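Okay, here's what each chain looks like letter by letter:
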Amino acid sequence: MSAPSSPSTLDFQALFEAGSAACLVLTPRFDIVATSNAYLRATYMRREQLVGRNVFDVFWGEPAEQDTASVAVQLRASLERVLRTREPDVMDVQRYCIPRPETEGGGIEERYWSPHNTPILDAAGQLLYVVHQVEDVTRFTRRDLPADSTDPTEPPRRLGRLLLVDDDEDMRGYVRRVLAQEFEVEDVEDGQAALESALARPPDLVLTDVVMPRLDGVGLLRALRSASSTQHLPILLLSARAGEQSMLEALDAGADDYLVKPFSAQELLARVRSNLELVRMRREVTRERAHRENLAEAIQARDDFLSVASHELRTPLATFQLHLDIAERGLRESAQHQAVERLVRARRFVRRLASLVDLMLDVSQITSGQLSLARTPVDLAELLGETLPLAEEEARRAGTEFSVRMEGPARGDFDAPRLSQVFHHLMSNALKFGAGRTVEVRLRGGDGQARLDFVDHGLGIRPEDKARIFERFERAVSARNYGGLGLGLWVAREVVEAHAGRIEVSDTPGGGTTFHVILPLAPAPSAER
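As the structure is a prediction and not an experimental result, all values here were calculated from the model.

A.B. asks: Could you give me a rundown of the overall build of the protein chain, with the residues and numbers involved?
C.D. replies: Along the protein chain, the regular secondary structure elements total 14 helices and 18 strands. Counting every position in the protein chain, which comprises 529 residues, the buried fraction comes to 41%. Considering only contacts in the protein chain between residues 6 or more positions apart, those separated by 24 or more positions represent 59%. Within the structure as shown, the protein chain displays about 28,400 Å² of accessible surface, and the carbon and sulfur contribution to it stands at 51%.

A.B. asks: Residues and numbers for the sheet that holds strand E16 (residues 449–455), please.
C.D. replies: Read from one edge to the other, the open sheet built from five strands follows the order E13-E15-E16-E18-E17, with strand pairing classed as mixed. Only two strands of the sheet have a single partner each, and these edge strands are strand E13 (402–407) and strand E17 (502–507). Within this sheet the neighbouring strands show an average axis-to-axis angle of 15°, counted without direction. Packed on one face of the sheet, helix H11 (residues 380–398) meets E13, strand E15 (439–446), E16 and strand E18 (513–520) and runs near 175° to E13.

A.B. asks: I'd like to hear about the pairing of strand E1 (residues 22–26), residue by residue, with values.
C.D. replies: For E1, a buried count of five out of five residues is recorded, marking the element as mostly surrounded by other parts of the structure. What you see with E1 is no split at all: Ala 22, Leu 24 and Leu 26 on one side and Cys 23 and Val 25 on the other are buried throughout. Where E1 and strand E6 (residues 127–136) come together, five bridges link them in antiparallel fashion. Looking at E6, one finds that Cys 23 is bridged to Gln 133. Direction of pairing for E1 relative to strand E2 (residues 32–35): antiparallel, over a ladder of three bridges. Note on E2: the bridge partner recorded for Val 25 is Ala 34.

A.B. asks: Requested: an account of the pattern of salt bridges, with residues and values cited.
C.D. replies: Side-chain pairs of opposite charge can arise where the charged atoms are in close proximity. Throughout the structure, instances matching the rule amount to 33 salt bridges. Across the pair Asp 190 and Arg 214 runs a salt bridge, and its minimum N-O distance is 3.1 Å. You can see Asp 190 sitting in the loop between strand E8 (184–188) and helix H6 (191–200) and its partner Arg 214 sitting in the loop between strand E9 (205–209) and helix H7 (217–226), a full 24 residues away along the chain. Here Asp 190 falls in the buried class, since its relative accessible area comes to 7%. Residue Arg 214 is classed as exposed on the basis of its relative accessible area, which comes to 62%.

A.B. asks: Residues and numbers for the side chain of Asp 456, please.
C.D. replies: Within the element layout of this structure, Asp 456 appears in the loop between E16 and helix H13 (479–482). Once residues lying within four places of it in the same chain are set aside, the contact partners of Asp 456 are Ala 430, Phe 433, Gly 434, Thr 438, Val 439, Thr 508, Gly 511, Gly 512 and Thr 513.

A.B. asks: Break down a nonpolar patch on the surface for me, citing the residues and quoting the values.
C.D. replies: On the surface, Val 33, Ile 120, Leu 128 and Tyr 129 cluster together into a nonpolar patch covering about 300 Å² of accessible area. With respect to the secondary-structure elements, Tyr 129 resides in strand E6. Residue classification places Tyr 129 among the partly exposed positions, given a relative accessible area of 37%.

A.B. asks: Can you explain the packing of aromatic side chains? Please cite residues and give values.
C.D. replies: The description of two aromatic rings rests on the distance between their centres and on the angle between their planes. Counted according to the given criterion, the structure contains four aromatic pairs. Centroid distance Tyr 39 to Trp 113: 6.2 Å. Interplanar angle 50°. Geometry classified as tilted. Of the two residues, Tyr 39 sits in helix H2 (residues 37–43) while Trp 113 sits in strand E5 (residues 108–121), which places them 74 residues apart along the sequence. The class for Trp 113 is buried, based on a relative accessible area of 3%. Look at Phe 470 and Phe 515: their rings are 6.2 Å apart centre to centre, the planes differ by 85°, and that puts the pair in the edge-to-face class. A residue pair is termed long-range when its members are at least 10 positions apart, and Phe 470 in the loop between E16 and H13 and Phe 515 in strand E18 qualify at 45 residues. Taken as a pair, Phe 470 and Phe 515 share a single burial class, namely buried. We note Arg 76 situated over the ring of Phe 56; from NZ or CZ to the ring centre the distance is 4.0 Å.

A.B. asks: Which residues make up the nonpolar core, and what values do they have?
C.D. replies: Leu 380, Phe 402, Phe 423 and Met 427 are the most contacted members of the largest nonpolar core, which totals 40 residues. Elements with a contribution of two residues or more to this core: H11, helix H12 (416–433), E15, E16, helix H14 (488–498), E17 and E18. In terms of residues, this core owes the most to one element, H12, which gives eight residues. Leave out the neighbours within four places in its chain, and Phe 423 touches Leu 380, Leu 383, Leu 384, Thr 387, Leu 452 and Phe 454. Within the second largest apolar cluster, 25 residues are counted, among which are Ile 32, Leu 40, Leu 50 and Trp 113.

A.B. asks: Quick rundown of the sheet that holds E8? Include the residues and the values.
C.D. replies: Taking strand neighbours across the sheet as the criterion, the five strands line up as E8-E7-E9-E10-E11 in an open arrangement whose pairing is parallel. Two strands close off the open sheet at either side, each with one partner strand: E8 and strand E11 (257–260). Geometrically, the sheet is characterised by an average inter-axis angle of 20° between neighbouring strands, direction not taken into account. As paired elements, strand E10 (residues 235–239) and E11 share four bridges and run parallel to each other. Bridging from a neighbouring strand, Leu 238 pairs with Leu 259 of E11. Packed onto the sheet, helix H5 (residues 169–179) meets strand E7 (161–165), E8 and E9 and runs at close to 170° relative to E8.

Reading the values: rules and limits
Residues numbered from 1 in each chain as written. Predicted model: local features only at pLDDT ≥ 70, side-chain atom pairs only at ≥ 80, totals over all residues. Heavy atoms only, no water. Helix = DSSP H or I, 4+ residues; strand = E, 2+ residues; numbered from the N terminus. Buried < 20%, exposed > 50% of the residue type's maximum accessible area, 1.4 Å probe, protein only. Contact = heavy atoms within 4.5 Å. Areas by Shrake-Rupley, 256 points an atom, 1.4 Å probe, with all protein chains shown as cover. Pairing = 2+ DSSP bridges. Axes fitted to C-alpha atoms, helices over the stretch in contact; angles between N-to-C directions. Salt bridge = Lys/Arg side-chain N within 4 Å of Asp/Glu carboxyl O. Patch = residues over 30% accessible without salt bridge, like charges linked within 9 Å, V, L, I, M, F, W, Y side chains within 5 Å. Phe/Tyr/Trp six-rings, centres within 6.5 Å; stacked < 30°, edge-to-face > 60°. Lys NZ or Arg CZ within 6 Å of the ring centre and 35° of its normal. Core = buried A, V, L, I, M, F, W, Y, C linked by side-chain atoms within 4.5 Å.

Okay, here's the thing in structure tokens:
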């Protein structure tokens with residue numbers, strides 16, 4: 001049999017009756033003029049029992065222990081709102097106890113329905129009919145088990161925390177019941193209360209009505225978008241205003257989605273799930289992008305380090321090779337005194353190379369989290385004294401006056417080689433940037449701690465540079481003019497903090513920089529790395 005080719009030949013009543021929605025068509029006087037087969041199946045009734053009668057004449061309610069009239073009162077109020085406003089109206093979820101015929105096993109069948117009442121208007125805007133549709137939401141309102149659970153001892157699994165905002169108590173009840181099966185739902189009755197709640201404890205998603213007292217939905221949307229803690233929250237607007245223009249206005253205002261009342265439980269759940277999934281995917285993309293950026297920064301830092309390190313290693317190696325060549329020629333010419341002098345200088349550059357290698361090993365251990373301390377009883381005055389000859393030699397070459405003052409006992413358990421490296425680096429820094437002026441080193445012990453000050457009267461450090469100079473590859477001066485890897489202060493901080501101490505920087509009175517190292521003489525065991 002061929003299908004009709006023209007809309008005028010369609011049997012719209014047959015199409016309506018065969019539809020999947022459970023519906024009644026009512027006149028403005030609430031008389032039933034049509035019913036779908038789905039409604040007949042849901043209520044175990046026949047069409048002749050309904051059509052031609054007033055809906056309240058055939059309306060059944062709950063059994064005697066419930067107030068049957070209460071459901072009828074809510075239905076009448078909803079239908080009258082539709083007559084008055086010409087807008088769809090969604091009722092709260094209702095409990096129905098439907099008599100089951102003996103042919104179906106008899107007894108009472110308990111169902112939970114969400115009724116929607118939608119006006120049908122003519123071209124002039126006059127009300128022709130009201131479509132009363134019920135959606136079975138029984139599985140969303142069961143309190144015993146989640147829909148997909150078979151273990152009564154297992155608590156319901158919550159997929160996120162939602163904030164629901166609507167001044168209509170019935171609508172809040174309906175949406176809460178639908179969503180509470182899968183989500184933790186907090187509901188409030190106006191935008192101001194929602195804003196305060198969201199700022200205090202940001203939810204995973206917000207569902208808000210548009211027209212509300214104190215602060216409406218659009219105002220709430222803009223307030224949430226302007227706050228840093230909530231600006232990226234997914235926000236769904238719930239509105240009775242249908243049409244493309246209303247949806248575009250909501251999306252332009254910053255909404256992530258727009259749901260027109262009345263809506264089905266399935267549609268509501270699908271929108272909430274999809275928006276939460278989009279948020280999860282965006283977060284994964286953001287994490288992946290941050291990972292790639294961090295990786296790129298690490299590769300760039302490695303390349304910068306290798307470039308600077310190769311330059312720093314090449315200079316002493318070239319000088320070392322030159323002094324060995326000269327020493328070799330001196331020995332051949334029996335100029336032993338000059339040869340010895342050259343070998344002494346060569347040894348100095350070997351020490352510099354060893355220091356650079358130690359620094360790179362420290363960098364590797366710190367970066368991998370494997371920096372460990374080998375503590376032994378140490379007198380910091382003696383340890384500092386052991387590092388002075390190298391510093392004094394550098395001071396003589398630079399023509400800089402170098403003074404040391406030590407006061408009080410400073411004995412404790414320390415990693416001597418690592419602290420010696422820190423002291424040497426801070427003294428070398430002071431000599432390098434001291435501009436030929438006096439460099440002072442002071443050690444004071446007492447009150448359970450030792451304090452070392454490394455003082456220069458040179459260039460000084462700008463206030464904005466003081467925090468970053470302790471980070472990797474950071475300098476307060478140009479690497480081209482002063483060299484260096486930009487790692488010494490970072491390693492010094494890590495070593496001092498591993499000893500449960502701290503390193504600070506301040507301005508020297510009259511100009512210059514002072515680095516302060518404070519070390520506890522009896523560190524707590526928890527400070528050990």
